[in-house]
Amino acid sequence: MKVTIFGTGYVGLVTGACFAEVGHGVLCMDIDEPKINLLKNGQIPIYEPGLDTLVSENLGRGNLEFTSDAQQAVKFSDVIIIAVGTPEDEDGAADLMHVLEVAKNIGKEMLSNKAVVIKSTVPVGSADKVRAVIQSALDDRDSQLEIDMVSNPEFLKEGAAIGDFMKPDRIIVGTGSANARTLLQELYAPYNRNSDRLVFMDVKSAELTKYAANAMLATKISFMNEIANLAEMLGADIENVRQGIGSDPRIGFNFIYAGCGYGGSCFPKDVRALSQTAKSYGYEMSILNAVEKVNNTQKTKLVEQITDYYDGDIEGKTFAVWGLSFKPKTSDIREATSRVVIESLWEKGALIQAYDPAAMNEFERVYGQRRDLKLVGTKDVALVNADALIIFTEWQHFRAPNFEILKRELRDGVIFDGRNLYDPDLMREQGITYYGIGRGEAIKKKG
């Protein structure tokens, strides 16, 4: 099949590369010409394991092409996927400006019937708005061409997106068109061989499914963080509690790790957008509002621990930082806890020495070069002349460090671990003062 994809951000680029990998002909369109020129040369602007290889190989095979010409993109295929960004409005709602601009181009340029597939995360009812914009453009041309609308939300995890796409646990397709259903079955057939992963439903249910899924996962995280905070007060260990409740198959182990809060481009934005959608219908989503409130508070947890430990005297202290991205295997620092904590420590006069395997360029792009920020090449170099270590991201190679180096380099011998990577008993044996999240240890002031 031939497939056109509007948008070469995270979702569009992964989708295009994965469709090309199984033999479909893919044309990705973006109005950002410098980005398109980079992509034509096999250079990708985001960090996602394996994506650079997938893009370069399929460019070489001729399965994957890039353009900034909307007319060419619309003519290329009768299946058009919209995967452009939906940034937040000031009130937390998703902004459909880019989605509707693509719709206008489709209506203006289409010369044959099209199946228009929305993969961008959009509020319920957005497909109707896209259809209306396309139809208006067709009416302006006195065209009798027809469109089939499809909602096909993505469920890609940053850092594991290629595996998620190539081996999906479900493929949600919302449409009322028999023709579109047949096209999507053909499009996804290479990923649907072992068992039928296609789940067909109406368009609005598909749109809501995406938001509901992310909201549920965010809820699990905030719930565990609430229990962790209580565990700390009671002298219990949240890791023992996690294993106890996770053993119940009705609960399971996924997304019940306590920590310093969730971030990224999906959970925070989608929770707020779903809550705002409900509010527009006169309904208050009490649970989701609490989920966001708990998460915002949790992001300040490490600041409280550090401030309490040093009795408020942080000015001039140097903190080693391991991890800047909101999760491992990505360079994404959007709404990352590291930003909240580091900005707060800077306000208190602290210095930061940070290492992250993927996110340092993005961190420097956001904050620039500054006197109180030093980005270094290894996790051990970050420790040199530091007073304490803060861990924000559970990168794999942070899990088994050389504790002798930690003891030797950290002047105060203390770790503030936002991801509960280490065993508190082992830390005590090593002579390291250790504070995790909900590990049953109250902060004791230094000295």
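Residues numbered from 1 in each chain as written. Predicted model: local features only at pLDDT ≥ 70, side-chain atom pairs only at ≥ 80, totals over all residues. Heavy atoms only, no water.

Per an unreviewed UniProt entry, the chain goes by UDP-glucose 6-dehydrogenase and derives from SAR86 cluster bacterium. According to the UniProt record, the Pathway (unreviewed entry) comment for the chain reads "Nucleotide-sugar biosynthesis; UDP-alpha-D-glucuronate biosynthesis; UDP-alpha-D-glucuronate from UDP-alpha-D-glucose: step 1/1." (UniProt positions renumbered as here; feature names shortened; annotations may be inferred.)

## Structural notes on the UniProt feature "binding site: substrate" (unreviewed entry) in the chain
This chain's UniProt record puts "binding site: substrate" (unreviewed entry) on Phe 155, Leu 156, Lys 157, Glu 158, Lys 210, Phe 255, Ile 256, Tyr 257, Ala 258, Gly 259, Gly 263 and Lys 327. With the annotated positions falling across 173 residues, the maximum pairwise C-alpha distance of 24.1 Å shows that they are not confined to a single cluster. Mapped onto the elements, Tyr 257 comes out in the loop between α10 (238–246) and α11 (267–280). Among all residues touching Tyr 257, those that are not within four sequence positions of it are Glu 239 and Arg 242. A distance of 3.4 Å separates the side chain of Tyr 257 from the side chain of Arg 242, its partner in a polar contact. Secondary-structure assignment places Gly 259 in the loop between α10 and α11. Here Gly 259 falls in the buried class, since its relative accessible area comes to 2%. (Helix = DSSP H or I, 4+ residues; strand = E, 2+ residues; numbered from the N terminus. Contact = heavy atoms within 4.5 Å. Polar contact = N/O pair within 3.5 Å; in protein donor to acceptor, adjacent residues only side chain to side chain. Buried < 20%, exposed > 50% of the residue type's maximum accessible area, 1.4 Å probe, protein only.)

## Some words on the packing of aromatic side chains
Tallying each qualifying case throughout the model produces 19 aromatic pairs. Residues Tyr 355 and Phe 398 carry aromatic rings whose centres are separated by 6.3 Å and whose planes lie at 65° to one another, so their mutual orientation is edge-to-face. Separated by 43 residues along the polypeptide, Tyr 355 in strand β10 (residues 351–355) and Phe 398 in the loop between β12 (388–391) and α17 (403–409) bring together distant segments of the chain. In this structure Tyr 355 comes out as buried when scored by relative accessible area, which is 11%. Look at Phe 398 and you get buried, because its relative accessible area is 0%. Geometrically, the ring pair formed by Phe 416 and Tyr 435 is stacked, given 5.9 Å between the ring centres and 20° between the ring planes. Here the residue Phe 416 occupies a position in strand β13 (residues 414–417), and Tyr 435 occupies one in strand β14 (residues 433–435), the gap between them amounting to 19 residues. Judged by relative accessible area, Phe 416 falls into the buried class, the value being 0%. According to the relative accessible area criterion, Tyr 435 is buried, its value standing at 3%. One aromatic cluster is present, built from ring pairs that chain together Tyr 309, Tyr 310, Phe 319, Phe 416 and Tyr 435. Between the NZ or CZ atom of Lys 2 and the centre of the ring of Phe 76, over which it lies, the distance is 5.0 Å. Above the face of the Trp 346 ring, Arg 370 is positioned so that its terminal group lies 3.6 Å from the ring centre. (Phe/Tyr/Trp six-rings, centres within 6.5 Å; stacked < 30°, edge-to-face > 60°. Lys NZ or Arg CZ within 6 Å of the ring centre and 35° of its normal.)

## Quick word on the side chain of Lys 299
Within the secondary structure, Lys 299 is located in the loop between α12 (286–298) and α13 (301–309). In this structure, Lys 299 is buried with no salt-bridge partner, the nearest side chain bearing the opposite charge being Glu 335 at 4.1 Å. There is a polar contact of 3.4 Å between the side chain of Lys 299 and the backbone oxygen of Tyr 262. Those residues in contact with Lys 299, other than ones at most four positions away along the chain, are Cys 260, Tyr 262, Gly 263, Glu 335, Thr 337, Val 340 and Val 341. (Lys, Arg positive; Asp, Glu negative; His and termini not counted. Salt bridge = Lys/Arg side-chain N within 4 Å of Asp/Glu carboxyl O.)

## Section: the domain arrangement of the chain
What the domain assignment reports for the chain is domain 1 (2–201) and domain 2 (217–435). In this structure, domain 1 and domain 2 have C-alpha centres spaced 34 Å apart. Each side of the interface is counted separately: domain 1 has 14 residues, and domain 2 has 18 residues. Interface of domain 1 and domain 2: buried area, both sides summed, is about 1200 Å²; carbon and sulfur atoms make up 48% of it. On the domain 1 side of the interface with domain 2, the three residues burying the most area are Tyr 47, Glu 88 and Glu 158, jointly 49% of the side's total. Counting across the interface, domain 1 meets domain 2 through one salt bridge. Note that Glu 88 is salt-bridged to Arg 272, the shortest N-O span being 2.6 Å. Looking at the side of domain 1 that touches domain 2 residue by residue, the classes come out as five nonpolar, four polar and five charged. (Domains from an automatic or database assignment. Buried area = accessible area lost by both parts, 1.4 Å probe. Nonpolar A, V, L, I, M, F, W, Y, C, P; charged D, E, K, R; others polar.)

## Some remarks on the environment of Asp 148
Structurally, Asp 148 can be placed in strand β6 (residues 147–151). Linking Asp 148 and Val 117, residues 31 residues apart in sequence, is a C-alpha distance of 8.4 Å. Leave out the neighbours within four places in its chain, and Asp 148 touches Lys 114, Ala 115, Val 116, Ser 177, Asn 179 and Ala 180. Side-chain polar atoms of Asp 148 contact the side chain of Ser 177, separated by 3.2 Å.

## A word on the nonpolar core
Among the nonpolar cores identified, the biggest contains 59 residues, and Phe 319, Ile 415 and Tyr 422 are the most heavily contacted of them. Among residues more than four places away in sequence, those in contact with Tyr 422 are Trp 322, Ile 391, Phe 398, Arg 399, Pro 401, Phe 403, Ile 415, Asp 417, Met 427, Tyr 434 and Arg 439. In terms of nonpolar packing, the next biggest core, distinct from the first, is built from 36 residues, Leu 13, Val 26, Val 117 and Ala 161 among them. (Core = buried A, V, L, I, M, F, W, Y, C linked by side-chain atoms within 4.5 Å.)

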